[in-house]
Amino acid sequence: MALVGTTGTVVAAASIAALLSYFLFCSNYRSKSSSTKKKSKSRTGLVDAIGNTPLIRINSLSDATGCEILGKAEFLNPGGSVKDRVAVKIIEEALGSGELARGGVVTEGSAGSTAISLATVAPAYGCKCHVVIPDDVAIEKSQTIEALGATVERVRPVSITHRDHYVNVARRRALEANEVASKQRKSKQTDAEDIERINGYESEGGKQSSVFSSDCKGGFFADQFENLANFRAHYDGTGPEIWEQTGGNLDAFIAAAGTGGTIAGISRFLKGKDANIKCFLVDPPGSGLFNKVTRGVMYTKEEAEGRRLKNPFDTITEGIGINRLTQNFMMAELDGAFRGTDMEAVEMSRSVRNPQNSVPMFLLKNDGLFLGSSSAMNCVGAVRVAQSIGPGHTIVTILCDSGMRHLSKFCNSQYLSDHGLTPTASGLEFLGLR
């Protein structure tokens, strides 16, 4: 069945071709892996299959820059993104601390990928998942979450300081789940003093009816932005994998940041191994992190840090860029930052096809890589680093997820046209390379 985008248009045939190429890439990788290993150790269950993703050379970008540009293929995780690692770490730490019980509900406010990963992983731990998601993200993300058995609550995008920001709503939902469990334990006798506070917030009691069933075993707010399990997932996992896969022979690492966990965990681990490794941020339009890294302040003096309302149309990239400092991002050790644009990300990953014009996706055409918006921005950043430090260096970035989660927006020709982002480049001239 054809997917229909938010603009009401059917996803272009180019997207279908892209899907076929993506599956071919995955099939080729799996085939090569199985043919080169006479005997491989099987993994136990879904959770054990997360991580240890391949680090692949992005041939087109490497050849164009004279650097070895390597991408950590996180889209090959079972849940389809780098966020699988975070979901596992958050749930395992919560179960270990007793904050979450089997049969309980994990709640989260997410722009998509973390929610999909939590919905994928939670059942493996005997838990359920409730997701609050901005209503402007690609519709296929919420459809995927629901198909995985989680409940989805869509809300309008507002500032994090607003009570109805999707993260704040998710926090309240965890409190409601705890109230349901508490009432069940006490035979419906409410004792407000016994209801646990979550992250310094208390439930509003009877002001809202619960969305959870009476047999709920309590709730836990995953809090991916502030929960340092996010950082630890990459410090303990992704960072060591990169170090091992490169044999410690790398010169730079670059990635965009949303929660900040990926860039923080990896940068801190790598610099702990070799202080000479340079770590950089690439930041999309509308985000304040570039200014924070390069100038020490998020905005101009006239703007209060962390309180500027991010216009949802500042960028078409999803899951990256933010206008406040998170506990996870503050763990990062960075040497600098680059600003990326939407058009650069589109030119890097997308294609447009119509009777008058046929422009091939750069990475899909040259490397068989069908990537999402954050992955495309990371590749833009990798080229910027290569141009900055010169040929002969090894640069690593993260290929967060595939383009299959972006069919109605980032990979939709009509959507791009409506936002003035129709790609025209035939090569890397948009980054100053031929």
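Keep in mind that this is a model prediction, so the values were computed, not measured.

Trainee: I would appreciate a short explanation of the overall build of the chain in the present structure.
Mentor: Helix and strand counts for the chain stand at 14 helices and twelve strands. Sorting the 434 residues of the chain into buried and exposed places 56% on the buried side. Of the contacts formed within the chain by residues at least 6 apart in sequence, a portion of 75% connects residues at least 24 apart. Summing over all exposed atoms, the chain offers an accessible surface of approximately 18600 Å²; the carbon and sulfur share of this is 49%.

Trainee: Help me out: how do you make sense of the nonpolar core in this one?
Mentor: Across soluble globular proteins, nonpolar side chains show a tendency to be buried alongside one another. Membership of the largest hydrophobic core comes to 46 residues, with the highest contact counts inside it found for Leu 61, Met 348 and Leu 363. Listed by contribution, the elements that provide at least two residues to this core are strand S2 (68–73), strand S7 (252–255), strand S8 (278–283), helix H11 (342–349), helix H12 (362–367), helix H13 (373–389), strand S12 (394–399) and helix H14 (413–418). Ranked by residues supplied to this core, first place goes to H13 with eight residues. Excluding anything up to four places from it in sequence, Leu 363 contacts Ile 58, Ser 60, Leu 61, Met 348, Gly 368, Leu 369, Leu 371 and Cys 379. With 37 residues, the next largest nonpolar core counts Val 132, Tyr 166, Ala 257 and Phe 269 among its residues.

Trainee: How should the side chain of Ser 81 be read in this particular structure?
Mentor: Take Ser 81: it is sitting in the loop between S2 and helix H4 (83–97). In this structure the side chain of Ser 81 is engaged in a polar contact, spanning 3.1 Å, whose partner is the backbone nitrogen of Lys 83. The residues contacting Ser 81, other than those within four sequence positions of it, are Glu 74, Phe 75, Ser 113, Ser 117, Cys 400, Asp 401 and Arg 405.

Trainee: How do you make sense of the sheet that holds strand S9 (residues 336–339) when you look at a structure like this?
Mentor: Spatially, the six strands line up as an open sheet ordered S1-S2-S12-S7-S8-S9, and their pairing is mixed. Pairing within the sheet leaves two strands with one partner each, and these edge strands are strand S1 (55–57) and S9. Strand-to-strand twist across the sheet, computed as the mean angle between neighbouring axes with direction ignored, equals 30°. As paired elements, S7 and S8 share four bridges and run parallel to each other. Within S8, the position partnered with Ile 254 by the bridge is Phe 280. Where helix H8 (residues 229–246) meets the sheet, its contacts fall on S1, S2, S7 and S12, and the angle it forms with S2 comes to roughly 135°.

Trainee: Would you mind going over the confidence of the model for the chain with me for this structure?
Mentor: A low pLDDT means the predicted coordinates there should not be read in detail. Per-residue confidence for the chain gives a mean pLDDT of 82, with 79% of residues at or over 70. Counting contacts from residues 309–313, a segment whose pLDDT is below 50, to residues more than four positions away or on other chains yields eight contacts. A low-confidence stretch, residues 351–360 stays under pLDDT 50, and its non-local contacts, those more than four residues away or across chains, total 21 contacts.

Trainee: Would you explain the environment of Ser 402 in this entry?
Mentor: Checked against the element boundaries, Ser 402 lands in the loop between S12 and H14. Residue Ser 402 is classed as buried on the basis of its relative accessible area of 4%. Remark: the alpha-carbon pair of Ser 402 and Ser 374, spanning 28 residues in sequence, is separated by 9.4 Å.

Trainee: Sorry, what's going on with the packing of aromatic side chains here?
Mentor: The way to describe two aromatic rings as a pair is by their centre distance and the angle between their planes. Scanning the entire structure with this criterion turns up three aromatic pairs. Seen in terms of ring centroids, Tyr 235 and Phe 269 are 5.7 Å apart; in terms of plane orientation they differ by 80°. Their pairing is edge-to-face. With Tyr 235 in helix H8 and Phe 269 in helix H9 (residues 261–273), this residue pair connects regions lying 34 residues apart in the sequence. Under the relative-accessibility criterion, Tyr 235 is labelled partly exposed at 34%. Three or more aromatic residues link up through ring pairs in this structure, and these residues are Phe 231, Tyr 235 and Phe 269.

Trainee: What am I meant to see in the packing of H11 against H13 here?
Mentor: Helices that pack against each other are described as a pair by the angle of their axes relative to one another and the distance between those axes. In contact at an axis separation of 8 Å, H11 and H13 are set at 100° when each is read in the N-to-C sense. Taken together, the axis directions place H11 and H13 in an arrangement best described as roughly perpendicular. Residue-level inspection shows Glu 344, Ala 345, Met 348 and Ser 349 of H11 in contact with H13, the latter providing Ser 373, Ala 376, Met 377, Cys 379, Val 380, Val 383 and Arg 384. For the contact of H11 with H13, the class distribution of residues is seven nonpolar, two polar and two charged.

Trainee: I'm lost on helix H6 (residues 139–147) in this one. Help?
Mentor: Regarding H6, the residues found buried are Glu 140, Lys 141, Ser 142 and Ile 145. Immediately downstream of H6, the backbone of Gly 149 shows phi near 100°, a positive value.

Trainee: I would appreciate a short explanation of H11 in the present structure.
Mentor: Since the α-helix turns once every 3.6 residues, residues separated by three or four places project in the same direction. Burial analysis of H11 places seven of its eight residues in the buried class, which makes it a mostly covered element. Along H11, the residues classified as buried are Asp 342, Glu 344, Ala 345, Val 346, Glu 347, Met 348 and Ser 349. Considering only its buried residues, H11 is in contact with helix H3 (59–65), S9, H12, H13 and H14.

Trainee: Where do I start with the sheet that holds strand S3 (residues 105–109) in this structure?
Mentor: What links the strands of a sheet is backbone hydrogen bonding, and the strands pair in either a parallel or an antiparallel sense. Spatial ordering of the open sheet is given by S5-S4-S3-S6, a layout of four strands whose pairing is parallel. This sheet does not close on itself; its edge strands, each paired only once, are strand S5 (151–155) and strand S6 (219–221). Going from strand to strand, the sheet's axes swing by 20° on average, the running direction of each strand aside. Bridge count for S3 against strand S4 (residues 128–134) is five bridges, and the pairing is parallel. Bridging across to S4, Gly 109 finds its partner in Val 132. Sheet contacts for helix H7 (residues 166–185): S3, S4, S5 and S6; angle to S6, the most-contacted strand, approximately 155°.

Procedures and definitions
Residues numbered from 1 in each chain as written. Predicted model: local features only at pLDDT ≥ 70, side-chain atom pairs only at ≥ 80, totals over all residues. Heavy atoms only, no water. Helix = DSSP H or I, 4+ residues; strand = E, 2+ residues; numbered from the N terminus. Buried < 20%, exposed > 50% of the residue type's maximum accessible area, 1.4 Å probe, protein only. Contact = heavy atoms within 4.5 Å. Areas by Shrake-Rupley, 256 points an atom, 1.4 Å probe, with all protein chains shown as cover. Core = buried A, V, L, I, M, F, W, Y, C linked by side-chain atoms within 4.5 Å. Polar contact = N/O pair within 3.5 Å; in protein donor to acceptor, adjacent residues only side chain to side chain. Pairing = 2+ DSSP bridges. Axes fitted to C-alpha atoms, helices over the stretch in contact; angles between N-to-C directions. pLDDT = per-residue confidence, 0-100. Phe/Tyr/Trp six-rings, centres within 6.5 Å; stacked < 30°, edge-to-face > 60°. Parallel < 35°, antiparallel > 145°, perpendicular 65-115°, else oblique. Nonpolar A, V, L, I, M, F, W, Y, C, P; charged D, E, K, R; others polar.

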